[in-house]
Amino acid sequence: MIASRPLTQDHDFPGTMTVALQGVVVIVSDDPGTIGKVAPVCEFLELRVEVVSAGVDLTQALREHRPMAVISDVDGEEQDGFHTMKVIARYNRDLPIMLLTGGDSVLMGAADAVQDMWGLTSVTRTSGFPMAGQLVAFLFGAGRRTGGMRLVPI
């Protein structure tokens, strides 16, 4: 059995509770298909997309871009969804995350356990690739959390 302990906020994140920048979405993925499906929806909604691929420091990207939301593949090679969740738990546990699980029920269950263990408050899991309306609803909710988002629900 793996022992776990509560994850405290990382001291490497001075000022982590700063306000998210309005209109920035970070996509953690190396899959061109994922990026190609999510980015146009974000751009249509006039949201700036920042892609964090393998080899890019997610911690630094969060500090630099202060996103209103993060969308991540669960099964990425270097920065999978669980790594993303761990980094976000240290950064800001309330930052909305959408995990793209590809319909794998084992990954869905693992994501639930990780969310509970690290105290994340705003994780959305998808069993398949989300439809445009699901992305808009997620981004609308994220925008409402940061305040003043111009999006309206469809």
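Not measured: the values here are computed from a predicted model.

About the cut-offs
Along each chain, residues carry numbers from 1 onward, in the same order as the chain's sequence is written. For a predicted model such as this one, the threshold for reporting local features is a pLDDT of at least 70, and the threshold for listing and counting side-chain atom pairs is 80 or more; totals across whole chains, interfaces and linings nevertheless cover every residue. Here the side-chain values reflect all heavy atoms present in the structure, with hydrogen atoms and water set aside. Put simply, DSSP H or I for four residues or longer makes a helix, DSSP E for two residues or longer makes a strand, and each gets a number counted from the N terminus. Note on exposure labels: buried denotes an accessible area under 20% of the residue type's maximum, exposed denotes more than 50%, and partly exposed covers the range between, all computed with a 1.4 Å probe on protein chains only. In this description, contact between two residues means that some pair of their heavy atoms is separated by no more than 4.5 Å. Here, Shrake-Rupley sampling with a 1.4 Å probe gives the accessible areas, and only protein chains in the shown set may cover a residue. Whether two strands pair comes down to DSSP finding at least two bridges between them. Angles shown run from 0 to 180 degrees and are taken between the N-to-C directions of axes, each axis being a line fitted to C-alpha atoms and, for helices, limited to the stretch in contact. Working definition: roughly parallel below 35 degrees, roughly antiparallel above 145 degrees, roughly perpendicular at 65 to 115 degrees, and oblique for all remaining angles. Note: crossing handedness is left-handed where the near helix turns anticlockwise from the far helix by less than a right angle, and right-handed where it turns clockwise.

Undergrad: Outline the overall build of the chain, supporting the account with residue identities and numerical values.
TA: Scanning the chain from N- to C-terminus turns up five helices and five strands. Burial statistics for the chain: of 154 residues in total, 45% are counted as buried. Once local pairs closer than 6 in sequence are excluded, the contacts in the chain between residues at least 24 apart make up 75%. Within the structure as shown, the chain displays about 8100 Å² of accessible surface, and the carbon and sulfur contribution to it stands at 54%.

Undergrad: Please give an account of the sheet that holds strand β4 (residues 97-100) that cites residues and values.
TA: If you walk across this open sheet you meet the five strands as β2-β1-β3-β4-β5, and the pairing is parallel. Pairing within the sheet leaves two strands with one partner each, and these edge strands are β2 (48-52) and β5 (123-126). Across the sheet, the axes of successive neighbouring strands diverge by a mean angle of 20°, strand direction being ignored. Across four bridges, the pairing between β4 and β5 is parallel. Within β5, the position partnered with Leu 100 by the bridge is Thr 126.

Undergrad: Could you give an account of the packing of helix α2 (residues 58-65) against helix α3 (residues 81-91), naming the residues involved and the relevant values?
TA: α3 packs onto α2 with a crossing angle of 45° between their chain directions and a minimal axis gap of 10 Å. When the interaxial angle is binned, α2 and α3 end up oblique. The handedness of the crossing between α2 and α3 is right-handed. Where α2 approaches α3, its residues Leu 58, Thr 59, Leu 62 and Arg 63 are matched on the opposing element by His 83, Thr 84, Val 87, Ile 88 and Tyr 91.

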